[in-house]
Amino acid sequence: MIRKLPTLDFQSVSRIFSGGVYALKEVSFSIPAGGLTAVIGPSGCGKTTLLRIAAGLERATTGSVKLIGPDGGAYERASENLSVCFQDARLLPWRNVTDNVALPLELAGVSRNERIARANQVIAAAGLSSAQARLPAQLSGGMRMRVALARTLVTSPDVLLLDEPCSAVDEFTRMQLDEEIFRVWQVSGATTMLITHSVSEAVWLADQIVVMNMGSIHEIRKVALPRNARNRTSAAFLLEVETVMRSLACAAGVVVE
Amino acid sequence: MMRVMKSIRMIAAPVIAVTFILVAWQIAVMMSGVSAFLVPSPLAIGQTMWASSDRLIGGAIQTAMASTIGFVIAAVIGILVGSMIAAVPFLRRSLYPLATILQMVPLVAVAPLLVIWLGFGLPTAIAAATVVAVFPVLAATIDGQVSVDPGLREFFLLHGASAWTRWRKLDLPASIPAIVTGLRIAAGLAVIGAIVGEFVSGYGGPNAPLGIVIMTAMREARTDLVFAAIALSAVVGFALFGAVSCLGWLLVSRWHASGVNSLEQSK
Ligand SMILES: Nc1ncnc2c1ncn2[C@@H]1O[C@H](COP(=O)(O)OP(=O)(O)OP(=O)(O)O)[C@@H](O)[C@H]1O
Ligand SMILES: [Mg+2]
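Residues numbered from 1 in each chain as written. Chains lettered and ligands numbered in written order. Predicted model: local features only at pLDDT ≥ 70, side-chain atom pairs only at ≥ 80, totals over all residues. Heavy atoms only, no water.

A word on the site of ligand 1
All names here are of chain A. Put simply, the rule reads: Summary of the distance rule: residues count as near a molecule or strand when at least one heavy atom falls within 4 Å of that molecule or strand. In protein, a polar contact requires one atom able to donate a hydrogen and another able to accept it; more generally it is a pair of N or O atoms within 3.5 Å, and residues adjacent in sequence count only if both atoms are side-chain atoms. Per-residue and other accessible areas follow the Shrake-Rupley method at a 1.4 Å probe size, with only the shown protein chains counted as cover for residues.
What surrounds ligand 1 is the set Phe 17, Ala 23, Ser 43, Gly 44, Cys 45, Gly 46, Lys 47, Thr 48, Thr 49, Glu 164 and His 197. In the environment of ligand 1, an oxygen atom lies 3.2 Å from a nitrogen or oxygen atom belonging to the backbone of Cys 45. Measuring from an oxygen atom of ligand 1, one finds a side-chain N or O atom of His 197 at 3.0 Å. Relative to its free-state accessible area of 630 Å², ligand 1 is covered by the protein chains to the extent of 61%.

What to know about the interface of chain B and chain A
Where we set the bar: The contact criterion used is simple: two residues touch if any of their non-hydrogen atoms lie within 4.5 Å. Note: buried area is the sum, over both parts, of the accessible area (probe 1.4 Å) each one loses when the two are combined. Salt bridge criterion: a side-chain nitrogen from Lys or Arg within 4 Å of a carboxyl oxygen from Asp or Glu. Counting from the N terminus, the helices are DSSP H or I runs at least four residues long and the strands are E runs at least two residues long. Only Asp, Glu, Lys and Arg are considered charged, only Ala, Val, Leu, Ile, Met, Phe, Trp, Tyr, Cys and Pro nonpolar, and every remaining residue, Gly among them, polar.
Contacts between the two partners involve 19 residues from chain B and, on the opposite side, 21 residues from chain A. In total, about 1,900 Å² of surface goes out of reach between chain B and chain A, with carbon and sulfur atoms giving 69% of it. It is Phe155(B), Leu158(B) and His159(B) that lose the most area in chain B upon contact with chain A, and together they represent 32% of the buried surface on that side. Where chain B meets chain A, there are three salt bridges. A salt bridge links Glu106(A) to Lys169(B); the nearest nitrogen and oxygen atoms lie 2.6 Å apart. Seen at the junction of chain B and chain A, the total is four residue pairs in polar contact (both at pLDDT 80 or more). Those elements that provide at least two residues to the side of chain B that touches chain A are α7 (150–158), α8 (163–201) and α11 (257–266) of chain B. Of the residues forming the side of chain B that touches chain A, the biggest block, seven residues, is contributed by α7(B). Along the lines of polarity and charge, the residues of the side of chain B that touches chain A split into eleven nonpolar, five polar and three charged.

A closer look at the domain arrangement of chain A
Residue and element names in this part refer to chain A. The condition is simple: Domains are outlined according to an automatic or database domain assignment.
Segmentation of chain A into domains returns domain 1 (1–75 + 158–227) and domain 2 (89–157). For domain 1 versus domain 2, the distance between C-alpha centres works out to 24 Å. Taken together, the 15 residues of domain 1 in the interface contact eleven residues of domain 2. Carbon and sulfur atoms supply 73% of the area buried between domain 1 and domain 2, which totals about 1,100 Å² over both sides. For the pair domain 1 and domain 2, the number of links is zero salt bridges.

Section: the sheet that holds strand β3 (residues 36–40) of chain A
All names here are of chain A. Heads up, the condition is: We treat two strands as partners when DSSP finds at least two bridges between them. The axes used here are C-alpha line fits, helices contributing only the stretch in contact, and every angle between their N-to-C directions lies in the interval 0 to 180 degrees.
Strands sit in the order β5-β6-β7-β3-β8-β9 across an open sheet of six strands; the sheet is mixed. In this open sheet, the two strands that pair with only one neighbour each are β5 (82–85) and β9 (216–222). Strand-to-strand, the axes of this sheet are offset by a mean angle of 15 degrees, without reference to chain direction. Strand contacts of helix α1 (residues 47–55): β3, β5, β6 (159–163), β7 (191–195) and β8 (208–213), with the helix running at about 150 degrees to β6, the strand carrying the most contacts. Packing of helix α5 (residues 171–188) onto the sheet brings it into contact with β3, β6 and β7, and relative to β6 it is tilted by some 165 degrees.

Focus on the nonpolar core
Nonpolar side chains in soluble globular proteins tend to be buried together. Worth spelling out the cut-off: The set of buried Ala, Val, Leu, Ile, Met, Phe, Trp, Tyr and Cys residues whose side-chain atoms join them within 4.5 Å is what this entry labels a nonpolar core. Under the scheme applied here, a residue whose accessible area is under 20% of the maximum for its type counts as buried, over 50% as exposed, and between as partly exposed, the area being computed with a 1.4 Å probe on protein chains only.
Ranked by internal contacts, the top residues of the largest apolar core, which has 52 residues, are Ile40(A), Val101(A), Val203(A) and Ile209(A). Residue-level mapping places this core at the junction of two domains, with at least three residues from each of domain 1 (1–75 + 158–227) and domain 2 (89–157) of chain A. Ile209(A) has contacts with Ala38(A), Ile40(A), Ala202(A), Val203(A), Glu219(A), Ile220(A), Arg221(A), Val223(A) and Val244(A), leaving out every residue within four places of it along the chain. If you look at the next biggest cluster of nonpolar residues, it comprises 42 residues, including Ala129(B), Val132(B), Ile142(B) and Ile195(B).

Looking at the sheet that holds strand β2 (residues 21–31) of chain A
Residues and elements named next belong to chain A. Pairing in this open sheet of three strands is antiparallel, and the strands run β2-β1-β4 from one edge to the other. The outermost strands of the open sheet, each flanked by one partner alone, are β2 and β4 (62–68). The sheet shows a mean angle of 15 degrees between the axes of neighbouring strands, taken without regard to direction. Bridge count between strand β1 (residues 7–17) and β2: seven bridges; the pairing is antiparallel. Residue Asp 9 lies in a different strand from β2, and its bridge partner there is Ser 30. This element, α1, spans β1, β2 and β4 of the sheet and lies at about 120 degrees to β1.

Things to note about the environment of Pro97(B)
Position of Pro97(B) among the secondary structure elements: in helix α4 (residues 89–102). Taking the C-alpha atoms as reference points, Pro97(B) and Ala187(B), 90 residues apart in sequence, are found 23 Å from one another.

Side note on the confidence of the model for chain B
Residues and elements named next belong to chain B. To keep things clear, this is the line we draw: Confidence scores here are pLDDT values: one per residue, from the predictor, ranging 0 to 100.
Here chain B averages 87 in pLDDT, while 94% of its residues score no lower than 70. Least confident of the elements in chain B is α11, whose mean pLDDT is 41; most confident is helix α3 (residues 53–87), at 94. pLDDT under 50 marks residues 257–267. Its contacts with residues more than four places away, or in other chains, come to nine contacts. Both scores are available for the predicted complex, with the pTM at 0.83 and the ipTM at 0.88.

Some words on unusual backbone geometry
Residue and element names in this part refer to chain A. Unlike most non-glycine residues, Ser 12 shows phi in positive territory, near 30 degrees. In this fold, Ser 12 is placed in strand β1. Classification of Ser 12 as partly exposed rests on a relative accessible area of 29%. Although it is not a glycine, Ser 156 sits at a positive phi angle of roughly 45 degrees. Examined against the element boundaries, Ser 156 turns out to sit in the loop between α4 (141–153) and β6. You can call Ser 156 partly exposed: its relative accessible area is 48%.

Focus on the packing of aromatic side chains
Residues and elements named next belong to chain A. Here is the rule: Two rings from Phe, Tyr or Trp (for Trp, the six-membered ring) form a pair when their centres are within 6.5 Å of each other. A pair whose planes differ by under 30 degrees is stacked, one over 60 is edge-to-face, and the rest are tilted. Only Lys NZ and Arg CZ are tested; either one counts as a charge over a ring when it is within 6 Å of the ring centre and within 35 degrees of the ring normal.
On inspection of all chains with the given rule, the structure shows six aromatic pairs over all chains. Between the aromatic rings of Phe 10 and Phe 29, the centroid separation amounts to 4.5 Å while the plane-to-plane angle is 15 degrees, which identifies the pairing as stacked. Pair noted here: Phe 10 is in strand β1 and Phe 29 is in strand β2, with a separation of 19 residues, a long-range link. Like Phe 10, the residue Phe 29 is buried in the burial classification. Grouped by ring-pair contacts, the aromatic residues Phe 182, Trp 185 and Trp 204 constitute a single cluster. Of note, Arg 90 hangs over the ring of Phe 86, and the distance from its end group to the ring centre comes to 3.9 Å.

The following block contains the structure:
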């Protein structure tokens, strides 16, 4: 079966909060169908606002975020084909891992047997089977995030929106979670937007990096590295990281040299 | 092993304290020679309890019934109305402050009014228990439901859950720890309410409730019987409180208290 994945298109999106705070100014870029675009930028530059508008949790003051189907027509937006993962895992503390992962299906009205079967499938794929009966409080922070990531997959979404899923964990766990995000992206094949603070994470995962500053786009950069060259210690990888780092520093007005 | 030791220590301390107080009381009564009409000794009260056990146990059953039924009605009303107030912004703004203020009105004072409406008898005692027990439940329910994690609410919103689904699967379970706290307070108050209701509702006969036993004993100058009935009403209150606490523990401990503990340990 060939899936018809949508392109996620930001069309001069602006957002002014009450009090005249310009969170976003005319942001335009497009995430190609099945692509993974990382959005990086200094704290407060509007990344989360952008993602929330894409998720439909916030409205744009002007401009719009559209899902465009492969035939160029509009692509129907539904909670089943769009998944969001936030910085905090947002698990229900009284439900075990399986029931938490199954929750999106439950809210979509899928029968209990089917949703448990599908939840246990994504849990097994994430290597969390041994923890499936545990409550969130009995998991480490990194494991909770992996459960949240597994939960985004359970509905087989076409669009994935990830808001700094690794920001609350240490560097080592972050690398493990990066592998997990990569796997999630590959398994789902979804058009993915990943917000991150980490340049190396962006370079390691993304095929396109959007550098933002103060609500506008500073640079849109294709990552030319082939997948097999994404070795965190290879010269090509480190060079790419340095280049993006410079772009970010320039955007933030920090002198590097 | 540690846990057994700990629970023995937890039970032992109050038992020792109560025994000490009773012994001191007994000695004080014997030494001072105060008349049994004013303060009977614990041993005398114990004898009365034994001698009038039929009357006291029958009364305790009546009072337990009135307070339990009143408590259950209060719990249902408190949780349902509280959830409604928490869910509807207009009600929240208009009724929530009112609920807090009403909690401070000495509601037992409405007991005579209940007699006018419901007549003499068990219904008045039940209603009195309900009236005093409902507000803690109401306030706790509202508190619990307005402070549900906004991130979780957003998750439900994102998945297109209806208000009803969100209440069943998020708001209600998330506020259970708060509601249980309210219910525990309500359990103690329900017994107070029932006894005050019985004071004014005057239903007697062979199955007179503890409130009536106390009033009758007072008129007959049977201070020992008054004390005995008070002791039994304390037992009723403690039993209801204990039952609610156990139920709350069953509902919550799995994820709430224990969850907090293991979180603390993982840090
Ligand atoms: N609901 C709101 N009301 C008013 N201002 C807001 C609101 N949400 C965000 N802002 C403002 O919009 C700007 C962008 O916020 P946003 O959360 O999108 O930043 P961010 O890039 O995600 O930052 P971080 O990296 O720290 O998460 C900030 O200046 C913030 O103060
Ligand atoms: Mg953010």
